[in-house]
Amino acid sequence: NRILALFLLIAGSLLAGPAQADPTDISAASRSVVRVVLAAKDGSKVAFVGHGSGFVVAPDKIVTNAHVVEIARQEPSVVIGIIPSQGGTSYGGRILAYSPGNDLALIQVLDGGRLPPMTEQGRARMQQRADVVAIGCPGSVDRAQGLDLDDLINPMSPVKTTGTVSGGRTTKQFDTLLHTAPIASGNSGGPLIDNCGRVLGANSFGSISDGNDAEFGFAVSAREILSFLRKAGV
């Protein structure tokens, strides 16, 4: 009886405790995150225009923010490059679907590229203060490391930052998750994931602090992403 009581006590403790992040799941999710590079071609010359992040939703398809690839829709000279986090090969990309209303875009991976997809978390709402991880390619880290264009077009591991879901407030235009995981320019389009490595949203923008206020990030929710993908036939 004492053994049974001890077992039930331990089992109850495990069930009641918060779910812990699994480094293996986080690392697996990171392999599906890419850098989305935009470059202008003028004959044999190539000029760096900007970059964001994205994540694989099918072996040859990437989700990112609409604002990341907006200039590629406007300027024919601007091309899209997909830089995986691992391996030695980068790929071209073209826009398949574009939804500025909720800041989402779907990119087709060209050149026969096949990448590992992520898992979507279909839950509509996350609990207050649930742990989250933002994965992407913040430009501030690139600058601090002194990376140049040659570095940016080679596969490298994305940056992971941790935080919590801060509340249910959403934007007026579309459904978002408010969170405290640090993000910067270049994180746009990268995934916000839970402790199991499942996509909760796509990081879109952040609040700006004057030095005294806390900073927050907004991610387009998985509900928005799934609806967008269904309309795109994915």
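The structure we're discussing is the one just above.
Nothing here was measured: the structure is a model prediction, and the numbers come from that model. (Residues numbered from 1 in each chain as written. Predicted model: local features only at pLDDT ≥ 70, side-chain atom pairs only at ≥ 80, totals over all residues. Heavy atoms only, no water.)

1. Focus: helix α6 (residues 222-231)
- All of the buried residues in α6 are Ala222, Glu224, Ile225, Phe228 and Leu229. Buried positions in α6, seen along its axis, are confined to an arc of 155 degrees and lie on one side of it. Facing away from the buried side of α6 by more than 90 degrees, the exposed set consists of Arg230 and Lys231.
- Gly233 occupies a position one or two residues after α6 and carries a positive phi of about 80 degrees. (Buried < 20%, exposed > 50% of the residue type's maximum accessible area, 1.4 Å probe, protein only. Helix = DSSP H or I, 4+ residues; strand = E, 2+ residues; numbered from the N terminus. Arc of directions from axis to C-beta.)

2. Things to note about the pairing of strand β10 (residues 176-179)
- Here β10 shows two buried faces, one formed by Thr176 and Leu178 and the other by Leu177 and His179.
- Here 4 bridges tie β10 to strand β13 (residues 217-221), and the two strands are oriented antiparallel to one another. Note on β13: the bridge partner recorded for Leu177 is Ala219. (Pairing = 2+ DSSP bridges.)

3. Things to note about unusual backbone geometry
- Although it is not a glycine, Asp103 adopts a positive phi angle of roughly 55 degrees.
- Relative to the helices and strands, Asp103 is located in the loop between β5 (91-99) and β6 (104-109).
- Asp103 gets classed as buried once you look at its relative accessible area, which sits at 9%.
- Residues other than glycine seldom take positive phi values, yet Asp111 does so here, at roughly 65 degrees.
- The residue Asp111 is located in the loop between β6 and β7 (119-120) in this model.

Remember, this is a structural readout, not a statement about activity or role.
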